[in-house]
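A look at the structure
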Amino acid sequence: MDNQNLSENRVVYDFQSYHTPVTRAIYIGVFLGFVTAILNIAYWSIYVNITALGMSSYIVNVQTISFGSILPLVTFGILWATFNHYLKKAGSLLTIIIFALATLWLIFVVANGDYGTNPTTQHQFKELVIPILSIIGVAGCIAYPICFKSKKVEDMML
């Protein structure tokens, strides 16, 4: 066999051609979820070290933050792709509005919730969770549309 036959029989994999808008949206959601999880874990570790939270206040731990950051942004990506497919340009705006309202609602629920009998623990829990929810909301409403339209992010991920 000569080199020409080997090069003619070589299979070329072009993975970018197989990506649909749904897979692209999910990949961006996973990417932003990891970035958001890292930011949230950094905030959590700084906050825990500054306030010296006890073990009883560790309801919000690294695992909760990781899954709590990635899953909403992957869900956001699926909604983004679905609404964009059926509603075209209005779909992205509708997805952002729904995610922003869901984030604000969760912040409102946490801010008005009763989490135990110790007022200090309640206050610290709220100070810990509300910024984490805000970071996730900003990642979905602002960073996701920017990343979805960015060719650099697409080339980096895919």
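For the structure given in this document, a descriptive report is provided here.

About the thresholds
- Residues numbered from 1 in each chain as written.
- Predicted model: local features only at pLDDT ≥ 70, side-chain atom pairs only at ≥ 80, totals over all residues.
- Heavy atoms only, no water.
- Axes fitted to C-alpha atoms, helices over the stretch in contact; angles between N-to-C directions.
- Helix = DSSP H or I, 4+ residues; strand = E, 2+ residues; numbered from the N terminus.
- Parallel < 35°, antiparallel > 145°, perpendicular 65-115°, else oblique.
- Left-handed = near helix turned anticlockwise from the far one by under 90°.
- Nonpolar A, V, L, I, M, F, W, Y, C, P; charged D, E, K, R; others polar.
- Contact = heavy atoms within 4.5 Å.
- Phe/Tyr/Trp six-rings, centres within 6.5 Å; stacked < 30°, edge-to-face > 60°.
- Buried < 20%, exposed > 50% of the residue type's maximum accessible area, 1.4 Å probe, protein only.
- Lys NZ or Arg CZ within 6 Å of the ring centre and 35° of its normal.
- Polar contact = N/O pair within 3.5 Å; in protein donor to acceptor, adjacent residues only side chain to side chain.
- Patch = residues over 30% accessible without salt bridge, like charges linked within 9 Å, V, L, I, M, F, W, Y side chains within 5 Å.
- Areas by Shrake-Rupley, 256 points an atom, 1.4 Å probe, with all protein chains shown as cover.
- Salt bridge = Lys/Arg side-chain N within 4 Å of Asp/Glu carboxyl O.
- Core = buried A, V, L, I, M, F, W, Y, C linked by side-chain atoms within 4.5 Å.

Topic: the packing of helix α2 (residues 21–51) against helix α5 (residues 119–149)
Any two packed helices are characterised by the angle at which their axes cross and by the distance between the axes. Relative to each other, α2 and α5 sit at 150°, their axes nearing to 9 Å. The orientation of α2 with respect to α5, classified from their angle, is roughly antiparallel. Between α2 and α5 lies a crossing whose hand is right-handed. When its residues are assigned to classes, the contact of α2 with α5 shows 18 nonpolar, 5 polar and 2 charged.

Some remarks on the packing of helix α3 (residues 62–87) against α5
It is the contact of α3 with α5, at a shortest axis distance of 10 Å, that shows an interaxial angle of 40°. For the element pair α3 and α5, the recorded crossing hand is right-handed. When α3 is examined against α5, the residues Ile-65, Gly-68, Ser-69, Pro-72, Leu-73, Phe-76, Gly-77 and Trp-80 are found in contact with a partner set consisting of Ile-132, Ile-136, Ala-139, Gly-140, Tyr-144, Pro-145 and Phe-148.

Quick notes on the packing of aromatic side chains
Inspection of the entire model under this criterion finds 7 aromatic pairs. Measuring from centroid to centroid gives 4.8 Å for Phe-76 and Phe-99, while their planes differ by 65°, and the two rings are edge-to-face. Placement of the pair is Phe-76 in helix α3 and Phe-99 in helix α4 (residues 89–112), with a sequence separation of 23 residues. Each member of the pair, Phe-76 as well as Phe-99, carries the same accessibility label: buried. Here the aromatic cluster, defined as three or more aromatic residues joined through ring pairs, consists of Phe-76, Trp-80, Phe-99, Tyr-144 and Phe-148. Cation over ring: Arg-24 sits above Phe-148, and NZ or CZ is 4.3 Å from the ring centre.

Remarks on unusual backbone geometry
A positive phi angle, near 55°, is found at Lys-88, a position not held by glycine. Positionally, Lys-88 belongs in the loop between α3 and α4. Owing to a relative accessible area of 56%, Lys-88 belongs among the exposed residues under this scheme.

Describing the side chain of Gln-122
By secondary structure assignment, the location of Gln-122 is in helix α5. Here the side chain of Gln-122 touches Asp-114 through a polar contact of 2.7 Å, side chain to side chain. Leaving out residues up to four positions away in the same chain, Gln-122 has contacts with Asp-114, Tyr-115, Gly-116 and Thr-117.

Some points on the environment of Val-48
Checked against the element boundaries, Val-48 lands in helix α2. When the C-alpha atoms of Val-48 and Gln-124 are compared, they prove to be 9.4 Å apart, with 76 residues separating the residues in sequence.

Topic: the environment of Leu-73
Here Leu-73 lies in helix α3. Placed 39 residues apart in sequence, Leu-73 and Phe-34 show a C-alpha to C-alpha distance of 9.4 Å. Not counting the four nearest positions on each side in its chain, Leu-73 is found in contact with Gly-29, Leu-32, Gly-33, Thr-36, Phe-99, Ile-136, Ala-139 and Gly-140.

Points about a nonpolar patch on the surface
Together, Tyr-86, Leu-87, Leu-94 and Ile-98 give the surface a local cluster of nonpolar side chains, amounting to about 380 Å² of exposed area. When residues of the nonpolar patch are traced back to their parent elements, those giving at least two are α3 and α4. You can see Leu-94 is positioned in helix α4.

Let's talk about the nonpolar core
Counting 28 residues, the largest nonpolar core has Val-60, Leu-128 and Tyr-144 as its most contacted members. Residue assignment for this core shows that the elements contributing at least two residues are α2, α3, α4 and α5. Of all the elements, α5 adds the most residues to this core, at 11 residues. Apart from residues no more than four positions distant in its own chain, Leu-128 is found in contact with Tyr-43, Trp-44, Tyr-47, Leu-53 and Val-60.

Such coordinate-based values are descriptive only and should not be taken to indicate function.
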